[in-house]
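Chain residues, written in single-letter form:
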Amino acid sequence: MTFRPDSRINTTMPITRILSVLLTAGTLCATAPILAAANRPNILLFTADDLHAESLGVYGGKPVDLTPNLDAFAAESLLFSHAHVNVAICAPCRAVIATGRYSHRSGAMGFMPAREDVPDIVTTLKAGGYHTGILGKYGHSPPKKSMKWDYHFDQKDLGNGRNPGLYRQRSEVFFKQSKDAGKPFYFMVNSHDPHRPYCNPEKLTKGAAMPSRTYKPGEVDVPGFLPDLPGVRAELATYLNSTRRLDDTFGATMEALKAAGVADNTLVLFITDNGIAVPFAKCNTWFHSSHSPLLVRWPGVVKPGTRDDTHFVSVVDFFPTFLEATGVKGPAGLDGRSFLSLLKGGSQKGRAHVFTQIDSKAGGEYVPMRAVQNATYGYIYNPFSDGKYWYRNNNEGKTMAAMNLAAKNDPAIAARIDLFRHRVPEEFYDLEKDPDCLDNLINDPKHAGALKALQARLVTQMKKTQDPILPAFQNRNNRAKVDEILVKTYGPRKVKKPKKSKDKKRKNAKKAK
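These numbers were taken from a predicted model, which means no experiment stands behind them. (Residues numbered from 1 in each chain as written. Predicted model: local features only at pLDDT ≥ 70, side-chain atom pairs only at ≥ 80, totals over all residues. Heavy atoms only, no water.)

The number of helices and strands found in the chain is 16 helices and twelve strands. Counting over 513 residues, the chain shows a buried share of 53%. Within the chain, contacts between residues at least 6 apart in sequence are counted, and of these 71% link residues at least 24 apart. On the chain, roughly 23800 Å² of surface is accessible, and the fraction owed to carbon and sulfur atoms is 56%. (Helix = DSSP H or I, 4+ residues; strand = E, 2+ residues; numbered from the N terminus. Buried < 20%, exposed > 50% of the residue type's maximum accessible area, 1.4 Å probe, protein only. Contact = heavy atoms within 4.5 Å. Areas by Shrake-Rupley, 256 points an atom, 1.4 Å probe, with all protein chains shown as cover.)

Take the sheet that holds strand 11 (residues 377–381) next. The sheet built from four strands is open, its strands ordered 9-10-11-12 with antiparallel pairing. Either end of the sheet is taken by a strand with one partner, and the two such strands are strand 9 (354–360) and strand 12 (426–430). The sheet shows a mean angle of 10 degrees between the axes of neighbouring strands, direction not considered. Each of strand 9, strand 10 (366–373), strand 11 and strand 12 is contacted by helix 13 (residues 448–464), which is oriented at about 60 degrees to strand 11, the strand it contacts most. (Pairing = 2+ DSSP bridges. Axes fitted to C-alpha atoms, helices over the stretch in contact; angles between N-to-C directions.)

On to the pairing of strand 6 (residues 266–272). Taking burial as the measure, the seven residues of strand 6 include seven buried ones, the bulk of the element. Alternating positions in strand 6 separate into two faces, T266, V268, F270 and T272 on one and L267, L269 and I271 on the other, with burial throughout. Across three bridges, the pairing between strand 6 and strand 7 (residues 294–297) is antiparallel. Its bridge partner lying in strand 7, L269 is registered against V296.

Once that is clear, we can look at the nonpolar core. Counting 132 residues, the largest nonpolar core has F80, Y186, F270, F318, L343 and Y379 as the members making the most contacts within it. The dominant element in this core, judged by the number of residues it contributes, is helix 7 (residues 230–259), at ten residues. (Core = buried A, V, L, I, M, F, W, Y, C linked by side-chain atoms within 4.5 Å.)

What follows is about the environment of E255. Relative to the helices and strands, E255 is located in helix 7. Considering only alpha carbons, one finds E255 and E172, 83 residues apart in sequence, at a separation of 9.4 Å.

A word on the sheet that holds strand 3 (residues 131–135). Spatially, the eight strands line up as an open sheet ordered 4-3-5-1-6-7-2-8, and their pairing is mixed. Two strands bound the open sheet, and with one partner strand each, they are strand 4 (151–153) and strand 8 (306–314). On average, each strand axis in the sheet is tilted by 15 degrees relative to the strand beside it, whichever way the strands run. Each of strand 1 (42–48), strand 3, strand 4 and strand 5 (185–190) touches helix 6 (residues 164–181); the most contacted strand, strand 5, lies at about 170 degrees to it. Sheet strands touched by helix 7: strand 1, strand 5, strand 6 and strand 7. Its angle to strand 1, the strand with the most contacts, is close to 170 degrees.

A word on the packing of helix 7 against helix 11 (residues 397–407). To describe two helices that pack against each other, one gives the angle between their axes and the distance between the axes. One way to put it is that helix 7 packs onto helix 11 with a least axis distance of 8 Å and a crossing angle of 175 degrees. Considering their axes alone, helix 7 and helix 11 lie roughly antiparallel with respect to each other. Taken together, the residues of helix 11 that come into contact with helix 7 (itself represented by G231, V232 and E235) are G397, K398, T399 and A402. Looking at the contact of helix 7 with helix 11, its residues break down into two nonpolar, three polar and two charged. (Parallel < 35°, antiparallel > 145°, perpendicular 65-115°, else oblique. Nonpolar A, V, L, I, M, F, W, Y, C, P; charged D, E, K, R; others polar.)

In this section: helix 6. Between its terminal C-alpha atoms helix 6 stretches 26 Å, which fits the 26 Å expected from 18 residues at 1.5 Å a residue. What helix 6 keeps buried is the set P164, Y167, S171, F174, F175 and S178. Each buried residue of helix 6 sits inside an arc of 100 degrees when the element is viewed along its axis, so together they form one side. Opposite the buried face of helix 6, by more than 90 degrees, sit the exposed residues K176 and D180. Turning to helix 6, the residues buried within the fold contact strand 1, strand 3, strand 4, strand 5 and helix 7. Of the residues flanking the start of helix 6, the one acting as N-cap is N163, its side-chain oxygen 3.1 Å from the backbone nitrogen of G165. Positive phi appears at G182, one or two residues downstream of helix 6, with a value of about 70 degrees. (Expected span 1.5 Å × (residues − 1). Arc of directions from axis to C-beta. Polar contact = N/O pair within 3.5 Å; in protein donor to acceptor, adjacent residues only side chain to side chain.)

Attention shifts here to the layout of surface pockets. Space inside the largest pocket adds up to approximately 480 Å³. Residue lining of the largest pocket: 21 residues in total, with Y102, G350, F355, Q461 and K464 positioned closest to the centre. Put simply, the parts of the chain that give the lining of the largest pocket at least two residues each are strand 8, strand 9 and helix 13. Ranked by residues supplied to the lining of the largest pocket, first place goes to helix 13 with four residues. In terms of residue class, the lining of the largest pocket is made up of eight nonpolar, seven polar and six charged. (1 Å grid on protein atoms, 1.4 Å probe; cavity = no way out; pocket = protein on both sides within 12 Å on 5 of 7 lines; lining within 4 Å. Points joined across faces, edges and corners; volume = space filled by probe spheres on them.)

Encoded structure:
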């Protein structure tokens, strides 16, 4: 090819001047991506493990000084009143965050992996030039094997996930790595507090730190969905100890972020992965099962000390929000949608509801639930409830033990336990008057219109997301058909062989003689 100078170029320009111009242009081209990277925000997503949203002081929690670091952070943040997780169980909730899809759309319908063809947030951000890291809950956070973090430490490397000092040290190393690489970062910091076992100051778990303050049963504000019993108070006092240590860990992480000099360019979000691990909260779809604190700080973008009491947001929205905030090109097929405009003080239509669900729990047993809530009402469909199945989970602890003891002489507590164990196929609550979901209004004619509207809203959502439980809902008055659909969706229910009692063992031993 013959080079022909453009007639617009001054060919009489001195060679030194030409070289100078070329070198300057080359320098600008080389530094443009670095400058762009420097201007792209970092993202730090901090999650609590099994936190009751109303434990935070800024959400009306008591005692008022339980979460001083988070309360101070809230003064610099936007607080969402209507924030929820879409699945109130650890691993499936984190799969929703990672994939931006509801459980049945990713395949992660419980403690099981998502399909390998489902895109994820970490792989996407890494491809967009981000350095990625995670502290804690590492085994529960990647929904598929192909999702690889650049930097990761799990529970055993963090003082059983309960040592604020170790979280700070590991965070400092990650921030330095990111700076040295010249990359913005996505950092997911997961406290293992206040997950069971709760903090007993007289018997700390190995590696765990003592919280900066401990609490006594008399300081407990018992949630309205639990009976106020001495045994309940005793256990919740240890929960408060764990919650205080969670706050210590959050404070230590924020100190590391500030010391690294990158706090002003970091979008920080605080949530819980589900509600408190007691009956009527975690691993269910009642209001306190999925309600999460959501505090968002982003200097220069989010107006400090503000709150959003209007819009419903949930963790399925995080993936698209992070993509819009970073400018990284993402995949199609996400179920959530960005709420970046809300962070900038705007408004969005279509945020008057939230959809939550359970498919299977730890151990693999399926207990499908589907729920929809708005600011006034909540509707729940429990296709597993057939009057025979005995529901349980691993979050009952001494609280349920205290309830069982009290139920012997208290019919109201006995009735609550029976509801927890067997449910009813449908539930409907006035969440404005009854956020603790104590009074099921499913058969109250006064609320028939509101009930029908939420049921229709749920059907629309189930059709949109191709929910395999839709046929069960449409045939909910035909128990045999519902059972058939559940087996088709989840497989046959595992039949557990009852353990022989000590009395039967003795009788069998005598017969053998």
